[in-house]
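Here is what each chain is made of, one letter per residue.
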Amino acid sequence: MLLTNKNRLIEMLSAALQSLAQERGLGEPPVPRLERPKAVDHGDVACNIALQLSKAWKLNPRELAQALVERLQQQPGFDQLITSCDIAGPGFINFRLSNAAKTAVVGEILSSGTHFGESKQGSGSVPSAMIEFVSANPTGPLHVGHGRQAALGDALANLLATQGIQVHREFYYNDAGVQIANLALSVQARLNGLKPGDTHWPEQAYNGEYIAEIAAAFKASPEYRDDLEAIRQFAVAYLRNEQDIDLKTFGVQFDCYYLESSLYTDGSVKQIVEDLQSIGKTYEGEGALWLRTTDDGDDKDRVMRKSDGSFTYFVPDVAYHASKWSRGFAKVINVQGSDHHGTIARVRSGLQGVAQKRGWDIPKTYPDYVLHKMVTVMRHGEEVKISKRAGSYVTVRDLVEWSGGVTPEMTPEERELALQRGRDAVRFFLISRKADTEFVFDIDLALQQNDENPVFYVQYAHARISSILKQWDGKVADLANADFSLLQSKASDHLLRRLAEYPEVLTDAAAELAPHALAFYLRDLAGDFHTFYNADRVLVDDQNLKLARLALLSATRQVLQNGLKVLGVSAPAKM
């Protein structure tokens, strides 16, 4: 149901409820809610307000529903919006929209174009939000877990943007600490002629072949010298560049790359510790400095500074999030693996202490988190094992190339098309499940060009409509003047309903941080289109009917295009 029509009906219901309450001396009624009936035959939209109020108002719910309907029918414009309303079961009110109300969505889509479904904020300053995602350690190529983060984070950013929010995308580089030191030692060992399995190979070294590639590149560079700090700097820069290439291949861009090391060099970490100490949020014990996280609901207090003087990993995280707040980001969403769950309470507790010291009004739930579970990759019916330490894990680049069917003998043009197919498949697949569920990525399914492949199914709907419009060979802009009232078949009715849902799908998905809901919607929309296409011939002899159906297809293509763009997936005109 179009939001404009929904709001009109809610206003009419509210007015009818107020009239009834005043006449009978009843309490103040709540704002009624509308929902889609579970069974399509029951109507276009339903309301359970009579059931909701019957106890408080001490009225039989069916009698209350009947009284409400009688007042509704007296509301100006009701007949133009609603053709019938029935009372079902214990007191549900089911409404059937008029044909004009249903078909109005076609005109609105054709008029709004690429902006259909977007929600504008009210007057005043534009709200902003930061989404931090991927944030991989620069110790190796991006793996499939980072790929899931990239797909989720970018789609979430696009979703929030449809709601009139100015979104800032940030990548946090963990370029400090033990893992970076191990990276430098690994490259140094390769430079000294060692390889995994050799007697003097460092126990914590990274064993992947990419370490040998870094060593060879460093040896061939002007910066080459036998100095561990020089090796570290080169290795980090090399891998950051490799990750940038992967992100570009995946179609993801960031507004800012924030370095963990900067939090130490600019004194932020030191200041955070001093702030927390000054308000009694910490204490010494067992040679370590502890944070009183139990004050904020954690199951036990946490070590901030170990006995060797080094900080635990969540301390710079607190400093980093203090930076986010000080930069004006009151809304922050972190997309991370579920293995980060334990850090949430620590970071929030530390931030509450910083807020107390600095007089900041940071909510206790700041920042928000979207935690995703692992991805299992299947290829040729077998699981591809992921082992970062062994260097045999699946990278984002692997996943994109495999899913697109990239082969060495391809021409540059063929390779680019294959990479686009792979990127589309990987993005859609990784978004198509709730983040907190484990996901099995089937490479063989991604390569299939049939209805079983969900991204192909949706893209094919777009391409099929494009083909029909090309066959018609008319001016698409002229379809805005078609007679939409001729869209009266059962198949077109289903498609019209689905199209009208799109704005609310975006709003709800953005509010719930759930881009998978949009992926589900697009599959349903594609299904409704295919059903309509098989039921109602489009290029009929009746000129007016043909134009009306072509207008419906053009509107459907626009919504498919808009939705795929939010997910970061292309909408091909032919397949």
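To be clear, the structure that these remarks concern was listed above.
A short tour of the structure in this document, coming up. On a predicted model such as this, the values are computed, not experimentally measured, just so you know.

For threonine 249, the position within the fold is in helix α9 (residues 228–250). By relative accessible area, which is 19% here, threonine 249 ends up buried. Setting aside residues up to four positions removed in sequence, threonine 249 forms contacts with Val400, Leu419 and Arg423.

On to the packing of aromatic side chains. Under the counting rule described, the total for this entry stands at 20 aromatic pairs. On the numbers, 4.6 Å between centres and 40 degrees between planes, the contact of phenylalanine 133 with phenylalanine 254 is tilted. Highlighted residues: phenylalanine 133 in the loop between β5 (128–132) and α6 (144–162) and phenylalanine 254 in the loop between α9 and β7 (256–259), separated in sequence by 121 residues. As far as the burial class goes, phenylalanine 133 and phenylalanine 254 line up, both buried. Ring geometry for tyrosine 173 against tyrosine 257: centres 5.7 Å apart, planes inclined by 20 degrees, an arrangement best described as stacked. Taken together, the residues span a long stretch of sequence, with tyrosine 173 in strand β6 (residues 166–173) and tyrosine 257 in strand β7 at a distance of 84 residues.

Turning to the state of the cysteines, a few remarks are in order. Disulfides are covalent bonds that connect the sulfur atoms of two cysteines. The full count for this structure, using the stated rule, is zero disulfides. Cysteine 47 forms no disulfide, and the closest cysteine sulfur to it belongs to cysteine 85, at a distance of 11 Å. Judged by its relative accessible area of 1%, cysteine 47 is buried.

So, on to the packing of helix α5 (residues 99–112) against helix α20 (residues 543–567). As a packed pair, α5 and α20 sit with axes 9 Å apart at the nearest point and diverge in direction by 55 degrees. On the basis of the axis angle, α5 is oblique to α20. For the element pair α5 and α20, the recorded crossing hand is left-handed. Every residue of α20 that contacts α5 at Val106, Ile109 and Leu110 is listed here: Ala551, Leu552, Ser554, Ala555, Gln558 and Val559.

Attention now goes to α20. Since the α-helix turns once every 3.6 residues, residues separated by three or four places project in the same direction. Under the 1.5 Å per step criterion, the end-to-end length of α20 is 36 Å for 25 residues, consistent within 8% with the ideal 36 Å. Judged by how many residues are buried, α20 sits mostly within the fold: 20 of 25 residues are covered. Taking the backbone nitrogen of asparagine 544 as reference, a side-chain oxygen 3.1 Å away marks aspartate 542 as the first, capping residue of α20. Residue glycine 568 follows α20 closely and has a positive phi angle near 80 degrees.

The next point concerns the pairing of β6. The buried count for β6 comes to seven of eight residues, which makes it a mostly enclosed element. Bridge count for β6 against β7 is four bridges, and the pairing is parallel. By the bridge assignment, tyrosine 172 is partnered in β7 with tyrosine 258.

A separate point is the pattern of salt bridges. As enumerated under the stated definition, the model contains 27 salt bridges in all. Across the pair lysine 102 and aspartate 44 runs a salt bridge, and its minimum N-O distance is 3.5 Å. On the criterion of sequence distance, the pair formed by lysine 102 in helix α5 and aspartate 44 in the loop between β1 (34–35) and β2 (45–47) is long-range, its members being 58 residues apart. Per residue, the accessibility class of lysine 102 equals that of aspartate 44, and both read buried. With a closest N to O distance of 2.6 Å, glutamate 274 and lysine 270 form a salt bridge. With glutamate 274 and lysine 270 both in helix α11 (residues 268–278) and four residues apart, this pair spans about one turn of that helix.

With that out of the way, let us pick up the layout of surface pockets. Taken as a whole, the largest pocket spans an internal volume of roughly 1300 Å³. Taken together, 48 residues make up the lining of the largest pocket; nearest its centre are Asn137, Asn174, Gln179, Asp339 and His340. Elements supplying a minimum of two residues to the lining of the largest pocket: α6, α7 (178–191), α10 (260–265), α12 (314–326), β11 (332–337), α13 (341–358) and β12 (368–372). A breakdown of the residues in the lining of the largest pocket according to their chemical character gives 18 nonpolar, 22 polar and eight charged.

One finds Phe441 and Leu518 to be the most contacted residues of the largest nonpolar core, which totals 95 residues. Per-element tally for this core: the top contributor is α20, with 11 residues. Non-local contacts of leucine 518, meaning those with residues more than four positions away in its chain, are made with Leu159, Tyr502, Val505, Leu506, Gly563, Val566 and Leu567. Grouped together as the second largest cluster of nonpolar side chains are 30 residues, Leu20, Ala21, Leu97 and Ala101 included.

Here we come to the sheet that holds β1. Two pairing modes exist for strands in a sheet, parallel and antiparallel, and in both the strands are linked by backbone hydrogen bonds. Strand order in the open sheet formed by four strands is β1-β2-β4-β3, and the pairing between neighbours is antiparallel. In this open sheet, the two edge strands, each paired with only one partner strand, are β1 and β3 (82–88). Where β3 meets strand β4 (residues 92–97), six bridges bridge the pair, whose relative direction is antiparallel. By the bridge assignment, serine 84 is partnered in β4 with arginine 96.

Cut-offs and rules
Residues numbered from 1 in each chain as written. Predicted model: local features only at pLDDT ≥ 70, side-chain atom pairs only at ≥ 80, totals over all residues. Heavy atoms only, no water. Helix = DSSP H or I, 4+ residues; strand = E, 2+ residues; numbered from the N terminus. Buried < 20%, exposed > 50% of the residue type's maximum accessible area, 1.4 Å probe, protein only. Contact = heavy atoms within 4.5 Å. Phe/Tyr/Trp six-rings, centres within 6.5 Å; stacked < 30°, edge-to-face > 60°. Disulfide = S-S within 2.5 Å. Axes fitted to C-alpha atoms, helices over the stretch in contact; angles between N-to-C directions. Parallel < 35°, antiparallel > 145°, perpendicular 65-115°, else oblique. Left-handed = near helix turned anticlockwise from the far one by under 90°. Expected span 1.5 Å × (residues − 1). Polar contact = N/O pair within 3.5 Å; in protein donor to acceptor, adjacent residues only side chain to side chain. Pairing = 2+ DSSP bridges. Salt bridge = Lys/Arg side-chain N within 4 Å of Asp/Glu carboxyl O. 1 Å grid on protein atoms, 1.4 Å probe; cavity = no way out; pocket = protein on both sides within 12 Å on 5 of 7 lines; lining within 4 Å. Points joined across faces, edges and corners; volume = space filled by probe spheres on them. Nonpolar A, V, L, I, M, F, W, Y, C, P; charged D, E, K, R; others polar. Core = buried A, V, L, I, M, F, W, Y, C linked by side-chain atoms within 4.5 Å.

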